[in-house]
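# Report on the structure
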Amino acid sequence: MASSEEQLQCSICLDVFAEPVTTPCGHNFCKACIRGYWDSTDVCMCPTCKNTVYKRPDPFFNTFTSVKAAQVKELAPVHVTLITPGQAQTTTLNKSGEVPCDICTETKHMALKSCLVCLTSYCEAHLEHHRIVASLKKHKLIDPVENLEDRVCKKHERPLELFCKRDQACVCQFCTETDHKTHKTVPIEEEYGERKAQMGKSKDTFQKMIQERLKKVKEIEQAVELSKRDAEREIADSLQVFAALVRSIERNQAELIEVVEEKQKAAERQAERLIKELEQEITELKSRSTELEQLSDIKDHLHLLQSSTSLYTTLPPTKNWSEISVHSDLCVGTVRRAVSQLEETLNKYMEMFPQIKLKRMQQCAVDVTLDPDTACPYLILSEDRKEVRYGAIKQELPDNPERFDCHPRVLGMEGFSSGKFYYEVQVKEKTWWALGVARESINRKGMNVLSPEFGAWTIELRNRNEYGARTELVVPLNMREKPQKVGVFVDYKKGQVSFYNVEARSHIYSFTDCTFIERLYPLLSSPDPSGDNSAPLIFSPVMSEFSQ
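Definitions and limits used
- Residues numbered from 1 in each chain as written.
- Predicted model: local features only at pLDDT ≥ 70, side-chain atom pairs only at ≥ 80, totals over all residues.
- Heavy atoms only, no water.
- Core = buried A, V, L, I, M, F, W, Y, C linked by side-chain atoms within 4.5 Å.
- Buried < 20%, exposed > 50% of the residue type's maximum accessible area, 1.4 Å probe, protein only.
- Helix = DSSP H or I, 4+ residues; strand = E, 2+ residues; numbered from the N terminus.
- Pairing = 2+ DSSP bridges.
- pLDDT = per-residue confidence, 0-100.
- Contact = heavy atoms within 4.5 Å.
- Axes fitted to C-alpha atoms, helices over the stretch in contact; angles between N-to-C directions.
- Salt bridge = Lys/Arg side-chain N within 4 Å of Asp/Glu carboxyl O.
- Polar contact = N/O pair within 3.5 Å; in protein donor to acceptor, adjacent residues only side chain to side chain.
- Expected span 1.5 Å × (residues − 1).

### Section: the nonpolar core
The biggest cluster of nonpolar side chains holds 45 residues, and the ones touching the most others in it are Trp433, Leu435, Ile459, Val497, Phe499 and Leu524. At 5 residues, strand S16 (residues 433-439) tops the list of elements feeding residues into this core. Membership of the second largest hydrophobic core comes to 21 residues, among which are Leu8, Val21, Cys46 and Cys153.

### Notes on the pairing of strand S20 (residues 485-491)
Extensive coverage of S20 is indicated by the burial of 6 of its 7 residues. Relative to S20, strand S15 (residues 420-426) runs antiparallel, the two sharing 7 bridges. Bridge pairing links Tyr423 to Val488 in S20. Note that S20 and strand S21 (residues 496-501) share 6 bridges and pair antiparallel.

### Some details on the confidence of the model for the chain
With 85% of its residues at a pLDDT of at least 70, the chain reaches an overall mean of 82. Counting contacts from residues 76-96, a segment whose pLDDT is below 50, to residues more than four positions away or on other chains yields 32 contacts.

### Description of the sheet that holds strand S17 (residues 456-462)
Strand order in the open sheet made by the 6 strands is S14-S23-S16-S17-S18-S19, with antiparallel pairing throughout. Edge positions in the sheet fall to strand S14 (409-411) and strand S19 (474-476), since each of these pairs with one other strand and no more. Averaged over all pairs of adjacent strands, the angle between their axes in this sheet comes to 20 degrees, without regard to strand direction. Summarising the sheet, S16 and S17 pair through 6 bridges and their orientation is antiparallel. By the bridge assignment for S17, Val437 is matched with Trp457.

### What about the pattern of salt bridges?
One pass over the structure, following the stated rule, counts 18 salt bridges. Among the salt bridges present, the one from Glu189 reaches Lys140, with a minimum N-O distance of 3.2 Å. Remark: Lys140 occurs in the loop between helix H6 (134-137) and strand S8 (141-142) and Glu189 occurs in helix H7 (residues 188-295); sequence separation between them is 49 residues. We note a salt bridge from Asp179 to Lys155, for which the minimum N-O separation is 2.9 Å. Taken as a pair, Asp179 in the loop between strand S10 (169-171) and strand S11 (185-187) and Lys155 in the loop between S8 and strand S9 (162-164) lie far apart in primary sequence, 24 residues in all.

### Description of the side chain of Thr374
With respect to the secondary-structure elements, Thr374 resides in the loop between helix H11 (353-362) and strand S12 (379-381). Thr374 sits in the buried class, given a relative accessible area of 2%. Here Leu411 takes part through its backbone nitrogen, which lies 3.0 Å from a polar atom of the side chain of Thr374.

### Looking at unusual backbone geometry
Phi at Asn463 takes a positive value of approximately 50 degrees, unusual for a residue other than glycine. Within the fold, Asn463 resides in the loop between S17 and strand S18 (466-470). Residue Asn463 is classed as partly exposed on the basis of its relative accessible area of 40%. Residues other than glycine seldom take positive phi values, yet Asp513 does so here, at roughly 55 degrees. Within the fold, Asp513 resides in the loop between strand S22 (506-511) and strand S23 (520-525). Residue Asp513 is classed as exposed on the basis of its relative accessible area, which comes to 56%.

### A few points about H7
Three or four residues apart is the spacing at which side chains of an α-helix point the same way, because the helix has 3.6 residues per turn. In this model H7 runs 155 Å from its N-terminal to its C-terminal C-alpha over 108 residues, within 8% of the 160 Å that 1.5 Å per residue would give. Buried within H7 are the following residues: Glu191, Ala223, Leu226, Asp230, Ser238, Leu245, Ser248, Ala267, Leu274, Glu281 and Leu295.

This is the structure we're talking about:
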């Protein structure tokens, strides 16, 4: 058998013939082997006898050799069984991913290896020929897989053992001598190792990205929870205020009713007293009238004159009732005035909400001074380092790493990495400015913009009346009142930077959902592109004038 195996070997690939063809000189080769050999040489020569022809011949298919080669490939492993019946493997395939032996006929056993040359999967028993037959030992064995035809080159019918770096494709040995001759190829095992390493790095990157996003989700959830607590606190405070307001309304209502009722009772008592006095006078006057009527009937002249002297000359004691009255409009306008006053109080309270919020922020005020080591050479700082203005002449200053070299910017001396802080900057008479906060690692050299992407959260004034907030683009800010003093509030944990018009006590703009991982420093910028921006930017002491 060994000699017949050797007779059926291709002298080029040293393997059993695959599609054997015969050359004009009578030697047999694999069809793909002889074509690849001739493609790689300038002269058509037989690899065995070195016979040379000047015109490339067309080898013809050798049917007899093909049949014998097929028998060796497919039938030879069946004839030899070195495992006794007691030792035979009897495992029946029943698990997903297991590959059945292609040779087993009755009970299918699990394949131990797959041969890329034979395109067959073998169990332990049927694999023995590949271990003892010299020509079969050269075959490429791999862990058992299905669809072995997908692991063989469709063009050359050879195992895909190499990887082309240029075309990113698996190729056989003959491919490297033809279509991929000038391409860089490496063994599949080597590329596999590189891919596994790259996959490991990608996996680590993905895991890191996942963890970062999970952390971000947690931060957002915490921010939402913090916002929820703030909202609940605001609602609770509002409920207390409105509850007190309702109690005040009810109390004022009761007092109003009591006052009105008391005034009504007083008016009734006055009316009763006046009516009583009037009735007494009426009684007295009626008595006099009766007496006069009786005297008027006397015929005796002397007696009449003597008896009526005091009756018609002296009136009984009475009041002048023409100016005495009982007022019926004691309550007119009282309710209207009370409700109107209440409405004014309520409106005033509603207007005070942003003022209350600003007052709370002002309670987080910090004392800020400027850091001269960060100031651009064109900026001039005051002696107390509370003011900065643009100078026309560049100063001779050391170019230390902390200093801004191009943009007219300067940072505060104090940095903050937790909690809340607030400060105010006077921008009066300025035509161009920017202010806010910047992270410690902000680029101090070269040209860049003041945006969150580059580590700054700022608002700005350009060309006298163009206000904006720096995000990826400039967000225009419509100001009802031109701010003379700007308040800056930072909640480090919440990731919020807010700006306020201090004098108008109104909100200007807020950066929200920011992620702070470095120290934050107050930042001022005072360019002078128009030549009339000499007024300084000033850190002002925080003075809270609002009181509840």
